[in-house]
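Here are the chains, one letter per residue:
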Amino acid sequence: MPDPVRLELRHPGGTTPIRVGAGALAASLDDLGGWLEGRAVFLVTTPRVAALHGDALEPLLARAARRARIEVEEGEAAKGLATATRLWEEMLAGGGKRDSRVVAFGGGSVCDLAGFAAGAFLRGVEVAHVPTTLLAQVDAAIGGKTGVNLPGAKNAVGLFHHPSMVVCDTSLLATLEAAEVRSGLLECVKMAIVLDADLLAVLERDLERLLAADPETLAPVVASAAAAKIAVVELDPSEAGPRKVLNFGHTLGHALEAVLAAGSPDPAAPPPAPPSAPPLRHGEAVGYGMLFALRLAERRGRAPEAAARARRLIARFELPPLPAVEPEALLAAMRRDKKARESGIAWVLPGRPGEAALDERFDEAEIAAELRDFLAATGA
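Residues numbered from 1 in each chain as written. Predicted model: local features only at pLDDT ≥ 70, side-chain atom pairs only at ≥ 80, totals over all residues. Heavy atoms only, no water.

**A few points about the packing of helix H4 (residues 81-93) against helix H5 (residues 108-120)**
Helix packing geometry: the angle between the two helix axes and the distance between the axes. Two elements in contact, H4 and H5, have axes whose closest approach is 10 Å; the angle formed by their N-to-C orientations is 55°. As judged from the angle between their axes, H4 and H5 are oblique. Considering only the axes of H4 and H5, their crossing is right-handed. In this structure, H4 uses Leu81, Thr83, Ala84, Leu87 and Trp88 to contact H5, whose residues at the interface are Leu113, Phe116, Ala117 and Ala120. Taken together, the residues that form the contact of H4 with H5 break down as eight nonpolar, one polar and no charged. (Axes fitted to C-alpha atoms, helices over the stretch in contact; angles between N-to-C directions. Helix = DSSP H or I, 4+ residues; strand = E, 2+ residues; numbered from the N terminus. Parallel < 35°, antiparallel > 145°, perpendicular 65-115°, else oblique. Left-handed = near helix turned anticlockwise from the far one by under 90°. Contact = heavy atoms within 4.5 Å. Nonpolar A, V, L, I, M, F, W, Y, C, P; charged D, E, K, R; others polar.)

What follows is the structure, given as structure tokens:
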């Protein structure tokens, strides 16, 4: 395997070094270990990640003066204000100071939660991300966006707090379930469609090997997806303009996650799936969101051949069936989404490969009609 790739993300607060590839943790012993040297370190992780990969982090944590492991729930269940409050209380009780360190060691939810907790604690302590899922390595760990959920609204409370460093060790991905690999690759598809035509071609060519988590095939894709995100974040650190293209597929995707997580109001209905087995993983929900946005793009006459190409690629992922969901509930969730504005819901619509239009507006009645047709076509 080639040596890990070194990337950098420049932002108003400084520069975040990002190392990507197999063996990235071992290669970061001097940089990350030096950052931890002599400090109080709060490791935010989950029991599963700690059991699977805790030994890989041990040589780095050994450099700390003292450390505390704070375990949180798996998945989106961890991303609540109650969990964030518990983190703050444990950090305070553990003697946390402004120059203490936080390490996020887990998937996207752990990165979102730990980054938010670090950014707010004592008005900001430094955090490093060591993402252990493909989704987190290409998206959540990079860019400084943090957040927790409110009932019915994903990432409704958050802030920008860039990590001091990010270590994406792709050898950690070997333990992922196939569905988690698929979820992360769908985020790569998102970035390829709106930012990187070359990456799109690689995904089309190598998808079977990528879905099988072939390490030699995954590592350069993770690096390319990370580089694509870095480029747009540097142009727009606070998501005021060009960075909004990264919301492609997320308007409906986040609504699906919020509505499905809330469960059915019918007391006779079966209970919702437990957090460890969500009805749709994040990337899968974004996959459906991308398909819906492609439908809207075609209504605007935007690059129909490119839209058909994107749909063919997404079809190869064989998304799980979309659970039954009411369109009115999805519309209400989209109105509450953090991306919505006073002027209404904005949509990111792809055009030619590697390009997208920002903030396309549709009449809500038109969206409602399209959504009903879309759900009927998917069998939901």
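**Here's the deal with the side chain of histidine 53**
With respect to the secondary-structure elements, histidine 53 resides in helix H3 (residues 47-61). Side chain to side chain, histidine 53 and threonine 175 meet in a polar contact 3.1 Å long. Residues contacting histidine 53, with those up to four places away along its chain left out, are Phe105, Thr132, Leu172 and Thr175. (Polar contact = N/O pair within 3.5 Å; in protein donor to acceptor, adjacent residues only side chain to side chain.)

**Thoughts on the sheet that holds strand S1 (residues 5-11)**
Strands sit in the order S1-S2-S9-S6-S5-S3-S4 across an open sheet of seven strands; the sheet is mixed. Both edges of this open sheet fall to S1 and strand S4 (66-71), since each of them pairs with a single strand only. Each neighbouring strand pair of the sheet contributes to a mean axis angle of 15°, computed without reference to strand direction. Both S1 and strand S2 (residues 14-21) contribute to a ladder of seven bridges, which runs antiparallel. Along S2, the bridge assignment pairs arginine 6 with arginine 19. In the packing of H3 onto the sheet, contacts are made with strand S3 (40-45), S4, strand S5 (101-106) and strand S6 (126-131), and the angle to S5 comes to roughly 135°. Contacts from H4 reach S3, S4 and S5 within the one sheet, and its direction differs from that of S4 by about 160°. (Pairing = 2+ DSSP bridges.)

**Concerning the nonpolar core**
Residues Leu134, Leu185, Leu203, Leu256, Leu330 and Trp347 are the most contacted members of the largest nonpolar core, which totals 100 residues. For this core, the leading source of residues is helix H11 (residues 282-299), giving 10 residues. Counting residues in each nonpolar core, the second largest holds 19 residues, with Leu60, Ala128, Val130 and Met165 among its members. (Core = buried A, V, L, I, M, F, W, Y, C linked by side-chain atoms within 4.5 Å. Buried < 20%, exposed > 50% of the residue type's maximum accessible area, 1.4 Å probe, protein only.)

**A few points about the pattern of salt bridges**
Scanning the model with the defined rule gives 32 salt bridges in all. One salt-bridge network, held together by shared partners, links Glu76, Lys79, Asp112, Lys154 and Glu257. (Salt bridge = Lys/Arg side-chain N within 4 Å of Asp/Glu carboxyl O.)

**Focus: the packing of aromatic side chains**
Tallied over the entire structure, the rule returns three aromatic pairs. Counting every residue linked through ring pairs, the aromatic cluster contains Phe292, Trp347 and Phe374. One cation-aromatic arrangement involves arginine 300 over phenylalanine 362; the distance from NZ or CZ to the ring centre is 3.8 Å. (Phe/Tyr/Trp six-rings, centres within 6.5 Å; stacked < 30°, edge-to-face > 60°. Lys NZ or Arg CZ within 6 Å of the ring centre and 35° of its normal.)

**Regarding the confidence of the model for the protein chain**
Mean pLDDT for the protein chain: 92, with 93% of residues reaching 70 or above. A low-confidence stretch, residues 264-276 (pLDDT under 50), is modelled with six contacts involving residues beyond four sequence positions or located in other chains. (pLDDT = per-residue confidence, 0-100.)

**Notes on H4**
With 13 residues, H4 ought to run about 18 Å at 1.5 Å a step, and its terminal C-alpha atoms sit 18 Å apart, in line with that. Along H4, the residues that are buried comprise Thr83, Ala84, Leu87 and Met91. The buried residues of H4 occupy an angular sector of 100° when the element is viewed end-on, so they sit on one face. Summarising the geometry of H4, the exposed residues directed more than 90 degrees from the buried face are Ala82, Glu89, Leu92 and Ala93. Contact partners of the buried residues in H4: S3, S4, S5 and H5. (Expected span 1.5 Å × (residues − 1). Arc of directions from axis to C-beta.)

**Structural notes on the state of the cysteines**
Counting across every chain of the model gives zero disulfides. The cysteine cysteine 111 is free of any disulfide, with cysteine 168 supplying the nearest cysteine sulfur at 8.5 Å. Using a relative accessible area of 1% as the deciding quantity, one classes cysteine 111 as buried. Unpaired in this structure, cysteine 188 has its nearest cysteine sulfur neighbour in cysteine 168, at a distance of 11 Å. (Disulfide = S-S within 2.5 Å.)

**Here we look at unusual backbone geometry**
In this structure, glutamate 239 is a non-glycine residue whose phi angle is positive, near 60°. Backbone geometry places alanine 303, a non-glycine residue, at a positive phi of 40°. Along the chain, alanine 303 turns up in the loop between H11 and helix H12 (304-315).

**As for the environment of phenylalanine 121**
Looking at the element boundaries, phenylalanine 121 is found in the loop between H5 and S6. Classification of phenylalanine 121 by relative accessible area gives buried; the value is 6%. Once the C-alpha coordinates of phenylalanine 121 and arginine 48 are considered, the two residues, 73 residues apart in sequence, prove to be 26 Å apart. Excluding anything up to four places from it in sequence, phenylalanine 121 contacts Trp88, Met91, Leu92 and Gly96.

**Describing helix H14 (residues 364-378)**
Over its 15 residues, H14 extends 21 Å from the first C-alpha to the last, a length consistent with the 21 Å expected when each residue adds 1.5 Å. Those residues of H14 that sit buried are Ile367, Ala368, Glu370, Leu371, Phe374 and Leu375. Those residues of H14 hidden inside the fold are in contact with helix H10 (250-262), H11, helix H13 (327-336) and strand S10 (346-350). Put simply, aspartate 363 is the residue that caps the front of H14, since its side-chain oxygen is 2.8 Å from the backbone nitrogen of alanine 365.

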